[in-house]
Amino acid sequence: MSRLWLVRHAEALPGGMGLSETGRRQAQLLGERLAEAGITRISHSPLARAAETASIVAAALPGVPVEAAEELTDSDPTEDPAAAEAMVARFSDPPADELCITHMFQVGWFVRAVLGAPADRWAALNSANTGVTVLRWSPIPGRPVSPLVFNDLTHLPPELRWTGFPPELRLP
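Throughout what follows, the structure given in this document is the object of discussion. (Residues numbered from 1 in each chain as written. Predicted model: local features only at pLDDT ≥ 70, side-chain atom pairs only at ≥ 80, totals over all residues. Heavy atoms only, no water.)

Some remarks on the sheet that holds strand E2 (residues 41-44)
No. 1: Taken in spatial order, the 6 strands line up as E3-E2-E4-E1-E5-E6 in an open sheet, and their pairing is mixed. Each of the sheet's edge strands pairs with one partner strand only, and the pair in question is strand E3 (66-68) and strand E6 (146-152). Each adjacent strand pair in this sheet contributes to an overall mean axis angle of 15°, direction not counted.
No. 2: Where strand E1 (residues 2-8) and strand E5 (residues 132-137) come together, 6 bridges link them in antiparallel fashion. Opposite Leu6, over in E5, you have Thr133 as the bridge partner.
No. 3: Taken strand by strand, helix H2 (residues 48-59) contacts E2, E3 and strand E4 (98-102), and its axis lies near 165° from that of E2. (Pairing = 2+ DSSP bridges. Helix = DSSP H or I, 4+ residues; strand = E, 2+ residues; numbered from the N terminus. Axes fitted to C-alpha atoms, helices over the stretch in contact; angles between N-to-C directions. Contact = heavy atoms within 4.5 Å.)

Regarding the packing of helix H3 (residues 81-91) against helix H4 (residues 104-115)
No. 1: Interaxial distance between H3 and H4 falls to 10 Å at its minimum, and their mutual angle equals 70°. On the basis of the axis angle, H3 is roughly perpendicular to H4. Once H3 is placed against H4, the crossing between them reads as right-handed. Residue-level contacts link Ala84, Glu85, Met87, Val88 and Phe91 of H3 to Gln106, Trp109, Phe110, Arg112 and Ala113 of H4. (Parallel < 35°, antiparallel > 145°, perpendicular 65-115°, else oblique. Left-handed = near helix turned anticlockwise from the far one by under 90°.)

Observations concerning H2
Note on helix geometry: an α-helix contains 3.6 residues per turn, so any two residues three or four positions apart are oriented the same way.
No. 1: Between its first and last C-alpha, H2 extends 17 Å over 12 residues, near the 16 Å set by a 1.5 Å rise per residue.
No. 2: The complete set of buried residues in H2 reads Arg49, Ala50, Thr53, Ala54, Val57 and Ala58. Within H2, the buried residues cover an arc of 160° as seen down the axis, which keeps them to one side.
No. 3: In this structure, the buried residues of H2 make contact with helix H1 (21-34), E2, E3 and E4. (Expected span 1.5 Å × (residues − 1). Buried < 20%, exposed > 50% of the residue type's maximum accessible area, 1.4 Å probe, protein only. Arc of directions from axis to C-beta.)

A closer look at the pattern of salt bridges
No. 1: Evaluated as defined, the whole model comprises 8 salt bridges.
No. 2: Between Glu98 and Arg41 there is a salt bridge; the shortest N-O distance is 3.5 Å. You can see Glu98 sitting in strand E4 and its partner Arg41 sitting in strand E2, a full 57 residues away along the chain.
No. 3: For Glu98, a relative accessible area of 7% corresponds to the buried category.
No. 4: Among the charged side chains, a network of salt bridges with common partners joins Arg41, Glu67, Glu71, Arg90 and Glu98. (Salt bridge = Lys/Arg side-chain N within 4 Å of Asp/Glu carboxyl O.)

Here is the structure:
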């Protein structure tokens, strides 16, 4: 069995060039949650907000390799579908549990792709900052990918949840 852990970066400062104080706390709590998850590798978008999130999370997972992955950068997948599909191809069916810290659009596109949904469905899949999505590949050939969780925020106290969402999409 292999699982891909997809996470949107923590809350960024205006302009996205690093994390806010809230974002640093979100990333720390995410690291604490993932400390016993069996993550064997961390890949992240090269953008500052994702790289900083990965660095904070990695502190809770000593010895786990961390690397930037250009495929995980923040872009509209419909503007370059070939690049979006390259991302899916690179990270599909990892040999062991892998964490990808990326952006809302990339999480939505990846989930849409593994579920075989039409290309226009990715935009309806919103992820909050440090929302955890986990996809499981079965060891039995031909079995479909199973989404285990989508946008899970249970590692965050209520006041840190739903950041990165417009107010009309937030739940109490």
